[in-house]
Amino acid sequence: MTILYPDVQESVDVYAPQHDSYLLIEAMTLSGLVKGSRVLDFCTGSGVVAIAAAQLGARTVTAFDICPRAVGCAATNAGDAGVDVDARVGTWADALAAGPFDVVVSNPPYVPTGPHAHSENIPAGVGSATAWNAGIDGRLVLNPMCDRAPELLSDGGTMLIVHSELSDTEQSLRRLRSVGLRSEVVLNQLIPFGPVLKARANWLESTGRLPVGRREEEIVVIRAEKR
Ligand SMILES: C[S@@+](CC[C@H](N)C(=O)[O-])C[C@H]1O[C@@H](n2cnc3c(N)ncnc32)[C@H](O)[C@@H]1O
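The model shown is predicted, which means the values in this text are computed figures rather than measured ones. (Residues numbered from 1 in each chain as written. Predicted model: local features only at pLDDT ≥ 70, side-chain atom pairs only at ≥ 80, totals over all residues. Heavy atoms only, no water.)

## Structural notes on the site of the ligand
Piece 1. Taken together, 17 residues are adjacent to the ligand, and Ser21, Cys43, Asp65, Ile66 and Asn107 come closest.
Piece 2. Taking Ser21, its side chain carries an N or O atom lying 2.7 Å from an oxygen atom of the ligand.
Piece 3. Within the side chain of Asn107, a nitrogen or oxygen atom sits 2.9 Å from an oxygen atom of the ligand.
Piece 4. About the coverage of the ligand: the protein hides 93% of its 600 Å² of free accessible area.
Piece 5. Residue composition of the shell around the ligand, grouped by class: nine nonpolar, seven polar and one charged. (Near = heavy atom within 4 Å. Polar contact = N/O pair within 3.5 Å; in protein donor to acceptor, adjacent residues only side chain to side chain. Areas by Shrake-Rupley, 256 points an atom, 1.4 Å probe, with all protein chains shown as cover. Nonpolar A, V, L, I, M, F, W, Y, C, P; charged D, E, K, R; others polar.)

## Examining the pairing of strand S4 (residues 101-106)
Piece 1. With six of six residues buried, S4 lies mostly within the body of the structure.
Piece 2. In the sheet, strand S1 (residues 38-42) pairs with S4 via four bridges, with the strands oriented parallel. Bridge assignment links Asp41 to a residue of S4, and that residue is Val105.
Piece 3. Here S4 runs beside strand S5 (residues 153-164); their pairing, made up of five bridges, is parallel. Bridged to Val105 within S5 is Leu160. (Buried < 20%, exposed > 50% of the residue type's maximum accessible area, 1.4 Å probe, protein only. Helix = DSSP H or I, 4+ residues; strand = E, 2+ residues; numbered from the N terminus. Pairing = 2+ DSSP bridges.)

## Some thoughts on the environment of Asn107
Piece 1. Mapped onto the secondary structure, Asn107 falls in the loop between S4 and helix H5 (142-147).
Piece 2. Residues Asn107 and Thr158, spaced 51 residues apart in sequence, show a C-alpha to C-alpha distance of 15 Å.
Piece 3. Setting aside chain neighbours within four positions, we find Asn107 in contact with Tyr15, Asp20, Ser21, Leu24, Phe42, Cys43 and Val162.
Piece 4. At 3.3 Å, the side chain of Asn107 forms a polar contact with the side chain of Asp20. (Contact = heavy atoms within 4.5 Å.)

## Details of the sheet that holds S1
Piece 1. As summarised here, the arrangement of the seven strands in space is S3-S2-S1-S4-S5-S7-S6, forming an open sheet in which the pairing is mixed. At either end of the open sheet lies a strand with only one pairing partner, and these are strand S3 (86-89) and strand S6 (182-192). Strand-to-strand twist across the sheet, computed as the mean angle between neighbouring axes with direction ignored, equals 15°.
Piece 2. When S6 meets strand S7 (residues 216-225), the two strands line up antiparallel, connected through 10 bridges. Along S7, the bridge assignment pairs Val185 with Ile222.
Piece 3. Strand contacts of helix H7 (residues 169-178): S5, S6 and S7, with the helix running at about 165° to S6, the strand carrying the most contacts. (Axes fitted to C-alpha atoms, helices over the stretch in contact; angles between N-to-C directions.)

## Comments concerning the packing of aromatic side chains
The description of an aromatic ring pair uses the distance of the two centres, along with the angle that the planes make with each other.
Piece 1. The full count for this structure, using the stated rule, is two aromatic pairs.
Piece 2. Where Tyr5 meets Tyr22, the ring centres are 5.2 Å apart and the plane angle is 80°; that geometry is what we call edge-to-face. With a gap of 17 residues between them, Tyr5 in the segment before helix H1 (19-31) and Tyr22 in helix H1 connect regions that are remote in the sequence.
Piece 3. Judged by relative accessible area, Tyr5 falls into the partly exposed class, the value being 36%.
Piece 4. Exposure remark for Tyr22: the relative accessible area of 31% places this residue in the partly exposed category.
Piece 5. Ring centres of Phe42 and Trp92 lie 5.1 Å apart, and the angle between their planes is 70°; this geometry places the pair in the edge-to-face category. (Phe/Tyr/Trp six-rings, centres within 6.5 Å; stacked < 30°, edge-to-face > 60°.)

No statement about biological role is implied by the geometric values presented.
Take a look at the structure:
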């Protein structure tokens, strides 16, 4: 099957599509679930995943992001691609109020964030830290997403979430299963550390989350189904 990755314009302070964005689009395409479905892209950023959903024939695509600049960028990119995406500023609670959805896709912030994150030497031009910082265990957004996923999904609905092993894949699976969703890892990829993880490597090693000397991470797509 051919996977189509939309071209999007980058914008200052908006997360430019990366390995995780593309792995999520791949999982979404391979799922075959999007055509005719009501799709939510939570944490839309540039809108790249939302636009891919629209191009796959979604009935509707709703996209939320906490950052107004990202929402503006997603709306512009959708317009440029000639697809309908209802891009809105909002958080998890707003997405819940707009649901339920048949397919929920999300690439949330998931990078564990230590006490010295403010003084890290991260190069300019990698976007806003809101796109990746996610608390000490990387689960600030992941936990409510997993715990409240059933409320967001229609009966028979499916959620696809991408995140790093460094934010605890097993915990996501456990939480999703504990709220009654059938859950498994459907795709994974080993990728080299980018600038943020390079800056955090020593801290991650000191917490025991990262084996000493390792400078690559596995990203996973988890599929959770409401039956
Ligand atoms: C890793 S980026 C993903 C962007 C895009 N979906 C992609 O795959 O390329 C995460 C996005 O989540 C947004 N975000 C962070 N916290 C959020 C929250 N609590 N609710 C909604 N969006 C949030 C950030 O502004 C950022 O645009």
